[in-house]
Amino acid sequence: MSARPLRGVPLPSALVDAAAVVTAWAAMLLAENVAVGVLWSQQFSAAWEVSQARRLVAPMALAGLAPASLLAVGVWRLAARAQAGARLATRAIAVLGGGAALGISLGVSQGRHFASWVVRGPFVAVSAMAGALVAAWAAPRVAALAKRPVVLAALGVALAVTGWLTDAYVLPRLYPAFHWASLVVALGGAALVGLAARASSGPPTRAARGLTVAVAVVVLASIAWTPHAAQLLESLTNLRIVLVEHAPLLGRTVALATRLRPAPDDGTAAAPPPIAPGEVARSLDWTGHDLVLVTVDALRADHASAYGYVRRTTPNLDALAAEGTLFESAYCPTPHTSYSVTSMMTGKYLRPLLELGLGQDSETWAQDLRRYGWRTAAFYPPAVFFIDEDRFPRFEEDKLGFEYAKVEFAGPELREQQVAAYLDGAPAGVPLFLWVHFFEPHEPYVLHPQHVFTGGPSPDVDAYDGEVAEADDGVGRVVRLVRARRPGAVVVVTADHGEEFGEHGGRYHGTTVYEEQVRVPLVVAGAGVRRAARVATVVQSIDLLPTALSALGIPRPARLRGRDLGPLLAGDARALDEGFAFAETDDYALVAADGDRLVCERRVAACALYRPGEDPGERRDRARDEPARFEHLRALLRAVERDHGRYEEAGGPTWPEALRRGIQGEAEAAPDVASLLDDADPVIRRKAAAVCFALRAPQTVPALRRALARDEDDEVRRWSALALARLGEPLQPPAEAMLRDPSRDWRRQAALALGERGDPRACEELAAWWSDVMPAAGQGGADGEPLRLAIDLAHAQELLGATAKARCRTAVPALVHALDDVRARPYVADALGALADDRARAPLLALLATEPYVTTRPHEARALLALGARDWAAPATPTAAPAVQVALAVPRGAQKLVVLLSDGASALDVSADGAALPPAPGDGAGGAGGAGETVRWIELPARAAGGGAALGKVHLDLRLSAGTVLALWLVPTGRLD
C-alpha cells in the first residue's frame, strides 16, 4: 500500500490490510510451532503433542491476536500520515513511542539498583523521552518503505526474528516488561511483512476481499473453538509446560487460557471415557487383566535366591521369575520407604520435588486407574509414612489415592485373610489393582521358627534372611489367592529399598546409594511378558507406573519421569540399551547406566565411578581410568537434577537452577548460589541467602560478607549474618539481636547459629524449641506406629548438635522424652551424653537393656559412659586384650549382662563362675553389627545372682576374637522382656 493519509480510506481497505496482518501472524504461529518442535523435541512425550499445539493453542492465539490487527493497521496508517508531513500524526506517534518506553522503563527498573527514585526517576524520564524521539524519527521512515515492499518485508522478518529470539532466550523469566516489549517487536515485524504484501498488490481486488472474508471466517471459527480447545488443553500438562517455557506466542496463550479457565464444576463427575484403542503405542496388552503389585520392605536384591543368593530365601519369587521376566539391575529412587513408595506410586522422583516445595498435587497410580473405571485396594503398614511424615500429608490422608485401604501391621497369614475378604466383595467384570506391602525384613529382625538360617556372616544376617523368607511366604500366599479368584492377573513384585550390613560402614538403610541400599529385586509375570527372561538393562521402580499405563492403553500423564518397560518385557531386542537410574539421599546421589555406577557425596561435591559387576564391594574408583565415562555420567546427573521440578506446577517463584541444586543440599552448587546474592530480584536474593545458611559452605563467605554490608533488603542481611555465624565468622550484631526478635522463626534460626558456636545465650530458645517439637501425648502407638518428633530428622540432628555444643541442660527433660522417636534416638543419646546430666541415666539404662535396634545401642552405651553410669569400664585408653576377668556385685533376681565391644565383628565367649554361658544374641561366627562398636546381651544363670542372697558376686571371664571390652552393665532380666 502506498503511503497516504488515513482520511478518506474506505473501510474495506482497512479490513483487507488487517486480514493481511492476521495472515502474517498465523504464519508466525506456525513457524514458532515448528521451531519449538525441532529445538525442544526431547521435552515432548510424542510427536502428536506438537500437532496439538497447532490444533488447540494456535487457534486460541489467532482469536486473541485478531482484534490487535486493527490496532496495527491504525498505527501503520498514522505513521503514513506522519511520513506525509502531518504534524498531529507525528506528535501522536511520539506520544505512543514515549508511552511504550515509559512502561518498559518502569517495568525493568524494579530491581534493587533502582530502589531509589533519585536513580529511577531520571532513568524513566530519559527512557520515555528517547522513546518519543525514536518513534517520531523512525515511524515515517518505515512507512516510506511501502514504496519498496521487498525492503519493508525484509525489515519485518528481521524484527520478527530478533524480537522472538530476544523474548525466548534473553534474560528468561526476568523483567516481564522487557519480554512483552520483545513480543510487540516480533508481532510488529510480522505485521510489516503482511503490510508489505498488501503494498505490493495495490488497491484491494476482488480476490483480496475474498481472502479477507476467508480470514474473517477462520478468526470467527477460532473464537468459537477457543472454549473447547482450552478444555482439551487442560489435560495436556507437558505440552503446556514446554510451550510456556519456550514459545513466546503460544506460551503466553497457554498462560492466559489457564488464568481465564472457569472454576471446576462441582457437579457429579462424568463417567470415565473409554480407552481409545491405539491411542498409546503398546508393546504389551494387559486389557482385561487385573494388576497385583507386591512390595517387600528392605529387601536387597542380592539376598533373593532368584538373584543367585546361596540361601533359598525366596522360592515364591523364584517361581514368578521362572514364568516371567526378572530385571537384574533395578533401583529405587530413595532408600526410605516413604519416599520410595510415593515415588513408585507417582512415577517421579518425589524426594527432590518435596525439597523444592513441589509434587504434593501429584496423581498416583491408583488415581490414574480409577479414572478409567478400575477398583483399587491397598494393604500396607502405617510405617510406610514413618520417615518425614510431615512431607506426605496428602498422600497419607488420601491413602495414596486407593479407594479401599487396610492400614495396619500384619503378617503374611493376616494379609492373606484381608485380601481374601476384599476379593469376596469385589465386583466381577471390573478390573482390580491391588497393592500389598510386606514389612517383615525391616529392622528389628524377628526370628521365625519356620524360616531358620544359621552359620551366616552374622546372626543378624541369619535373622534378616529368615524375615525375607517370611515375606516371600506372604508373596506366595497373595499370588496364589489372587490367581485362584481372579485368573490372568498380572503380578509385579519389587522392594522399596535394600538393607546394609556394614558393607560401607553403616547399617540398615536411608544413608547411602551403594548397591546394598538401592538395588532391589523386580519381577513381572503376566500377559505378553517373556517367560524365564533376565534383563540386564538398568531400570527404576518409577518405571512401573508408565509401564502399566502403556500396557493398559491409558495415555501417559506428562509429568511422569519413568520409562515404559513394555518393550523389554515383550522381548524387543531394539529396546535393549544401557538404561538409566537415579537415586539419592540427603548426602548422596547415584546415576546408574549399563554396568557403571556414579556415586557422589553431595556435601563435599565428590564423585566416584564404580563397576559392581567387576567390583561388587564398590571399592575401586575408576574415574581416573575412564575420565570420559566419568564426565558423561556426571553430566547425566547434573541434567536429571536440573530437571527436578521442571514439569511441576509450582504456584510460586521459579527458582534458578543453582538454587534448585542448593535447596537439595548439593555443596557443589554453593558458589553459584552465592552469586545470586547479587541478583536484582529480592526474592531470589533472600532465598539464596537462606540456602547459604543451610549449606554452610566456606566458598560463600565473601559473597555473604558483601550482602551483609551492602544489601538494602533486611531479610537478606539477616540470613547473611546468620550464615556467617554458622561458618565461624566473627559474630555480627544482627545475629545476636535476632535472639530477641518478635518472630519465633528468626529467634530459632539465631539460636541454632549461636548454639553451634557454643554460645549459652541460645539455650532458652533451644529449650523452648525442643518443647514445641515433642510428640503430643498419646500420639502413635494405637496402630503400632512409634512416636516421633514434629521435625524432620536432618533438622533434628542440627538442633541436637547446637543444644549439645551450647550445653543447654534446660533441654534435658525434653530430650529424654525425645528418646521415644526411634529415628532420632541415637542422636538424642549422643546429645544427652555430651550434656552429662544425671537425669538421663535411668532412661538411657532402661533403653540400653531393651533396645531392638543394633546400631542404636552403642550410642546409648557411650552416653551412659559419659554420665559415669556403668558397672565396669575399661581404662580411658584401652588396649586390645584377648580376655577380661572381672567380679561384679549382682543384686537379687535374674540379671542380664550388657557388653559394649570395640569391634562388632568380634566373637564373644563368656563364662560366669567358671561355667560357659550361651552365646550372646547377635553373636556367632564373624560377629554381628559389622565394623565399629556393638552391644551384646548375655543372660546370667540364676545361681550366678547369689542364690537367695540379697547381694552376691559373679566372676566373669570374657574372651574376644578381636578388639576389647569397653564397658559392662548388669540389668534386671525384666528390662529385656
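In this text, all values refer to a predicted model and were calculated from it rather than measured experimentally.

(A) Inspection of the overall build of the protein at higher detail. Each helix and strand counted, the protein has 33 helices and 25 strands in total. Looking at the protein residue by residue over its 977 residues, the buried ones come to 54%. Considering only contacts within the protein whose residues lie at least 6 apart along the sequence, 73% involve residues at least 24 apart.

(B) Geometry of the pattern of salt bridges. Tallied over the entire structure, the rule returns 58 salt bridges. One salt bridge connects aspartate 285 with arginine 282, and the closest N-O pair in it is separated by 3.1 Å. The salt bridge partner of arginine 486 is aspartate 290, with a shortest N-O separation of 2.8 Å. Of this pair, arginine 486 sits in the loop between helix H16 (459-485) and strand E7 (490-495) while aspartate 290 sits in the loop between helix H9 (248-260) and strand E1 (291-296), and the two are 196 residues apart along the sequence. Neither arginine 486 nor aspartate 290 differs from the other in exposure class; each is buried. Put simply, Glu578, Asp596, Arg611, Glu614, Arg622, Glu626 and Arg629 are held in one network by salt bridges that share partners.

(C) Structural view of the side chain of arginine 726. Within the secondary structure, arginine 726 is located in helix H25 (residues 714-726). At 3.0 Å, the side chain of arginine 726 and the backbone oxygen of phenylalanine 693 are in polar contact. A polar side-chain atom of arginine 726 sits 2.7 Å from a polar atom in the side chain of glutamate 756. Not counting residues within four places of it along the chain, the set of residues in contact with arginine 726 comprises Phe693, Ala694, Arg696, Leu752, Ala753, Glu756 and Glu798.

(D) How the structure looks around the state of the cysteines. Scanning the entire structure with this criterion turns up two disulfides. Covalent S-S linkage joins cysteine 763 and cysteine 808, the inter-sulfur distance amounting to 2.1 Å. Handedness here is read from the sign of the S-S torsion; for cysteine 763 and cysteine 808, about -80°, the answer is left-handed. Of this pair, cysteine 763 sits in helix H28 (residues 763-773) while cysteine 808 is found in the loop between helix H29 (793-805) and helix H30 (812-818), placing the two residues 45 residues apart along the sequence. The disulfide pattern of the protein is 1-2, 3-4 when the bonded cysteines are numbered in sequence order.

(E) Quick peek at the confidence of the model for the protein. Confidence along the protein averages 83 in pLDDT terms, with 87% of residues attaining 70 or more. Across residues 1-11 the pLDDT falls below 50, and counting only partners more than four positions away or on other chains, this stretch makes 20 contacts in the model. Segment residues 262-280: pLDDT under 50, and 13 contacts once partners within four positions in sequence are set aside and those in other chains are kept.

(F) Main features of the nonpolar core. Counting residues in each nonpolar core, the largest one holds 198 residues, and the members touching the most others are Trp286, Phe327, Trp365, Trp435 and Trp770. With ten residues, the top contributor of residues to this core is H16. Beyond its immediate chain neighbours, meaning those up to four positions away, tryptophan 365 contacts Leu291, Leu293, Met344, Met345, Phe433, Leu544, Leu545 and Ala548. Met28, Met60, Trp76 and Ala186 belong to the second-largest nonpolar core, a separate cluster that totals 49 residues.

(G) Main features of unusual backbone geometry. With an omega dihedral of -5°, the bond running from glutamate 443 to proline 444 counts as a cis peptide bond. Mapped onto the elements of the fold, proline 444 is located in the loop between strand E6 (432-438) and H16. Residue lysine 399 is not a glycine yet carries a positive backbone phi of 55°. Residue position: lysine 399 is located in the loop between helix H14 (393-397) and strand E5 (404-407). Residue class for lysine 399 comes out partly exposed when judged on its relative accessible area of 32%. The phi dihedral of arginine 696 falls on the positive side, at around 55°, and the residue is not glycine. Along the polypeptide, arginine 696 turns up in the loop between helix H23 (682-695) and helix H24 (701-710).

(H) A look at the environment of aspartate 714. Looking at the secondary structure, you find aspartate 714 in helix H25. Separated by 20 residues in sequence, aspartate 714 and proline 734 have C-alpha atoms that sit 9.9 Å apart. For aspartate 714, the side chain forms a polar contact with the side chain of arginine 718, separated by 2.8 Å.

(I) Expanded view of the packing of aromatic side chains. Tallying each qualifying case throughout the model produces 20 aromatic pairs. Between phenylalanine 379 and tyrosine 422 the ring centres are 6.2 Å apart and the planes differ by 80°, which places this aromatic pair in the edge-to-face class. In this pair, phenylalanine 379 sits in strand E4 (residues 375-380) while tyrosine 422 sits in helix H15 (residues 412-425), placing the two residues 43 residues apart along the sequence. We note that phenylalanine 379, like tyrosine 422, is buried. Grouping aromatic residues by their ring pairs yields a cluster made of Trp365, Tyr380, Phe402, Phe433 and Trp435. Looking at arginine 351, its charged tip hangs above the ring of tyrosine 339, at a distance of 6.0 Å from the centre.

(J) Quick peek at the side chain of aspartate 837. With respect to the helices and strands, aspartate 837 occurs in the loop between helix H31 (825-835) and helix H32 (841-850). A distance of 2.9 Å separates a polar atom in the side chain of aspartate 837 from a polar atom in the side chain of arginine 839. Excluding its chain neighbours within four sequence positions, the residues that come into contact with aspartate 837 are Arg809, Val812, Leu832 and Leu867.

(K) Structural context of empty space enclosed by the protein. A full pass over the atoms with the stated rule returns four cavities of 30 Å³ or more. In terms of lining residues, the largest cavity is bounded by 13 residues, among which Cys600, Cys607, Leu637, Glu666 and Glu668 are the most central. Within the residue set of the lining of the largest cavity, elements represented by two or more residues are strand E16 (596-601), strand E17 (606-610) and helix H20 (627-643). For the lining of the largest cavity, the element with the highest residue contribution is H20, accounting for four residues. Among the residues making up the lining of the largest cavity, the classes are represented as six nonpolar, no polar and seven charged.

How each quantity is defined
Residues numbered from 1 in each chain as written. Predicted model: local features only at pLDDT ≥ 70, side-chain atom pairs only at ≥ 80, totals over all residues. Heavy atoms only, no water. Helix = DSSP H or I, 4+ residues; strand = E, 2+ residues; numbered from the N terminus. Buried < 20%, exposed > 50% of the residue type's maximum accessible area, 1.4 Å probe, protein only. Contact = heavy atoms within 4.5 Å. Salt bridge = Lys/Arg side-chain N within 4 Å of Asp/Glu carboxyl O. Polar contact = N/O pair within 3.5 Å; in protein donor to acceptor, adjacent residues only side chain to side chain. Disulfide = S-S within 2.5 Å. pLDDT = per-residue confidence, 0-100. Core = buried A, V, L, I, M, F, W, Y, C linked by side-chain atoms within 4.5 Å. Phe/Tyr/Trp six-rings, centres within 6.5 Å; stacked < 30°, edge-to-face > 60°. Lys NZ or Arg CZ within 6 Å of the ring centre and 35° of its normal. 1 Å grid on protein atoms, 1.4 Å probe; cavity = no way out; pocket = protein on both sides within 12 Å on 5 of 7 lines; lining within 4 Å. Points joined across faces, edges and corners; volume = space filled by probe spheres on them. Nonpolar A, V, L, I, M, F, W, Y, C, P; charged D, E, K, R; others polar.

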